Amino acid sequence: MVSAPTRRPRNLAGWVGKLIVAALVVAVWEASVRLWLPDYLPTPSGVVRAAWPTLISADFGKAFGDTISGVAAGLLIGCLAGTALGLATGRLPWLRYLTSPYLSGLYAMPMLAIVPMATIWLGYSSQTRLAVIALSAFLPCAVSTGDGARNVPSQLRETAKVLRLSRVRFVLDVLLPSTLPFVVAGVQVAVGRALVGAVAVEFLASLPGLGTFILTNARSFEQNTAFVAVFVLAVLGIAARAGTETALHRLMPWHLHVNR
Amino acid sequence: MELDGLTMRFGERTVSRDIHLTLDPGRVLAIVGPSGCGKTTLLRAVAGLIQPAVGTVRIDGQAVTRTPEGVAMVFQHFGLFPWKTVEANVAYALRVSGVPKKAALERARELIRLVGLVGFEKSYPHQLSGGMQQRTGLARALAVRPRLLLMDEPFGALDAQTREVLQFEMLRIWQDHPVTMLFVTHSIDEAVLFGDQIAVLNGRPSGIAELIDVSLPQPRDRSVLATAEFLAIRERVWNLIMTGQRD
Ligand SMILES: Nc1ncnc2c1ncn2[C@@H]1O[C@H](COP(=O)(O)OP(=O)(O)O)[C@@H](O)[C@H]1O
Ligand SMILES: [Mg+2]
């Protein structure tokens, strides 16, 4: 109660500070390109000027649609499959024993490394992109959900036993909710990795999409236009993160209190 | 309930040895002993959560292999589901024992009133103090009208004041809703306050040093604390525990 009045100005000061830093970065960027650097480099003012025409252009719309539909489908497949496997490995020690070397190995490996092979197996097609995105999303979901599912707090296990819960009840009413925060954490990482995977595949396999949009524009000295697409990708990543955070707080206000 | 020659082991280590105890319906048996002497382990065996190395736990003549029907437990660490509200936590125990939804909710509200949590029905455990969480734990255990209630240091995780408040409130609740109870605690006062009989555990591995009958009249309240008999029993338990410590 007492600290409330002092917190407000500090928040305000924080915001002012952030704005000042942002303004400085933009100013230094703009000034250095204008004063010393070649003028085909992007500038903040150039990006702002390019923003609207780019966003409404048919090229951008198509690229955006291609990438987003790939990311959405890949995320859906990867997250569902990963979460399902994670739950299973959390419950079945033998399955965990058999799969964990592959899961942790693949999880640590940069997905980009398999793209050249994937293009040969699946062709220079949107299937390759879908596969890479799905795999990129699958791994963090499987690993995180697996961690959560095998670490149901012992206190809750005991409560479940004393309440004589059936297996099905245990899975639905105890295992799932106590693992849910880990599922969300997995999905958050998956979204980031999916976006990276999508753009990387488009670069390497020249598939139509935001990655290729960036590449073509950058190479034809339309760097301001390329930058608009970069910002769009950044905003997507931030929005996904903020969206899942908000959902977590709204729907699972208890999520920080499962493991204590 | 009957413990017949119970020996509890973890690997090579024997925690307690040859425990014989009987608890008759309607009575309260308090088990008191220093921390680490194996009280929780014993209670977990009664609840069927672990199996004794030697001996048998019988409840109504049936050997216990998993938690029997009608046995409820209050944990030192509450054991509430963090994703369920107070009301949902209490109602859940009823739902899984087959009570229809509406009746379960009504009974849950009744118990929430009994333990003094009106106004917090929709709160999540993490929004409550320790004392309020344990009130919820009590409500959940009592809601199913258990034939045997197991209490594992129910007030042990609470601060001294909250602990005292809840002790006397539990006494009051117990008087209005008597239930057969096995009450484990390391607090001597608590054991004397609640027990019709006190089993004092001491030694390593622990055994029952003595079984003390408490003839303090029921119903009990705060005034009991000052009676000569209370003090005498307390002293006796204290000495027994101290003797065990020296060995
Ligand atoms: N799961 C376990 N594995 C091994 N040792 C245990 C386990 N649980 C308890 N113990 C040991 O058994 C002894 C008795 O523990 P506990 O029953 O919790 O004591 P109390 O409840 O009387 O404080 C302690 O020394 C403890 O370290
Ligand atoms: Mg204990």
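Above this text sits the structure in question.
This one's a predicted model, so the numbers in the text were calculated from it and none came from an experiment.

(A) Spatial organisation of the overall build of chain A. When you go through chain A residue by residue, the secondary structure sums to 10 helices and zero strands. By the compact-globule yardstick of 18 Å for 260 residues, chain A is too spread out, its C-alpha radius of gyration being 23 Å. Each of the three principal axes of chain A carries a C-alpha extent, and together these read 75 × 65 × 30 Å. In chain A, once contacts between residues fewer than 6 apart in sequence are set aside, the share between residues at least 24 apart is 74%. In the structure as shown, chain A presents an accessible area of about 14600 Å², 71% of it carried by carbon and sulfur atoms. Averaging the positions of the 21 positive and the 10 negative side-chain charges in chain A gives two centres separated by 15 Å.

(B) Seen up close, the interface of chain A and chain B. Listed by partner, the interface residues are 18 residues for chain A and 22 residues for chain B. A combined buried area of about 2100 Å² lies between chain A and chain B, and 65% of that area is made up of carbon and sulfur atoms. It is Glu158, Val162 and Arg164 of chain A that lose the most area in chain A upon contact with chain B, and together they represent 31% of the buried surface on that side. Scanning the region where chain A abuts chain B turns up one salt bridge.

(C) Local environment of the packing of helix α3 (residues 58-91) of chain A against helix α10 (residues 223-251) of chain A. Residues and elements named next belong to chain A. At a minimum axis separation of 12 Å, α3 and α10 run at an interaxial angle of 35°. You can see that α3 and α10 cross each other, and the crossing is right-handed. Residues Phe60, Phe64 and Ile68 of α3 touch α10, and the partners they reach there are Ala229, Val232 and Leu236. Residues belonging to the contact of α3 with α10 are distributed by class as follows: six nonpolar, no polar and no charged.

(D) Just the side chain of threonine 225 of chain A, in detail. Residues and elements named next belong to chain A. Within the secondary structure layout, threonine 225 lies in helix α10. Of the residues examined, threonine 225 reaches a relative accessible area of 15% and is grouped as buried. Apart from the residues within four sequence positions on either side, threonine 225 is in contact with Ala50, Thr54, Phe213 and Asn217.

(E) A look at the packing of aromatic side chains. Evaluation of the coordinates by the stated rule reveals 10 aromatic pairs over all chains. Aromatic ring contacts, followed pair by pair, group Trp254 of chain A together with Phe81, Trp83 and Tyr92 of chain B into a single cluster. Note that lysine 18 of chain A overlies the ring of tryptophan 15 of chain A, its terminal NZ or CZ placed 4.9 Å from the centroid. In this arrangement the basic side chain of lysine 84 of chain B is found over the ring face of tyrosine 92 of chain B, its NZ or CZ atom lying 4.4 Å from the centre.

About the cut-offs
- Residues take numbers from 1 onward in each chain, read along the sequence in its written order.
- Working convention: letters from A go to chains and numbers from 1 go to ligands, in the order in which they are written.
- Owing to the predicted nature of the model, reporting of local features is limited to residues with pLDDT of at least 70; listing and counting of side-chain atom pairs is limited to 80 or more, with chain, interface and lining totals taken over all residues.
- Heavy atoms from the whole structure form the basis of all side-chain values; hydrogens and water molecules are not counted.
- A run of DSSP states H or I qualifies as a helix once it reaches four residues; a run of E qualifies as a strand once it reaches two. Both are numbered from the N-terminal end.
- Our radius of gyration is a C-alpha quantity, and the globule rule it is checked against amounts to 2.2 Å times the number of residues to the power 0.38.
- Only heavy atoms matter for contacts: two residues are in contact if any of them lie within 4.5 Å across the pair.
- Here, Shrake-Rupley sampling with a 1.4 Å probe gives the accessible areas, and only protein chains in the shown set may cover a residue.
- Just so you know, the count uses Lys and Arg for positive and Asp and Glu for negative, and it drops His and the chain ends.
- A single reference atom marks each charge: NZ on Lys, CZ on Arg, CG on Asp, CD on Glu.
- What counts as buried area is the accessible surface, traced by a 1.4 Å probe, that two parts surrender upon association, with contributions from both included.
- A pair is scored as a salt bridge if a Lys or Arg side-chain nitrogen falls within 4 Å of a carboxyl oxygen belonging to Asp or Glu.
- Lines fitted to C-alpha atoms define the axes here, with helix axes fitted over just the stretch in contact, and angles between the N-to-C directions of these axes take values from 0 to 180 degrees.
- Crossings are sorted by hand: turned counterclockwise from the far helix by less than a right angle, the near helix makes the crossing left-handed, and turned clockwise it makes it right-handed.
- The residue classification treats Ala, Val, Leu, Ile, Met, Phe, Trp, Tyr, Cys and Pro as nonpolar and Asp, Glu, Lys and Arg as charged. All others, Gly included, are polar.
- Here's how the labels work: a residue is buried when its accessible area is under 20% of the maximum for its type, exposed when over 50%, partly exposed in between, all with a 1.4 Å probe on protein chains only.
- Between rings of Phe, Tyr and Trp, where Trp is taken as its six-membered ring, a pair exists when centres lie within 6.5 Å; planes separated by under 30 degrees are stacked, by over 60 edge-to-face, and by other angles tilted.
- Ring-over charges, as used throughout, are those where CZ of Arg or NZ of Lys falls within 6 Å of the ring centre and within 35 degrees of the ring normal.

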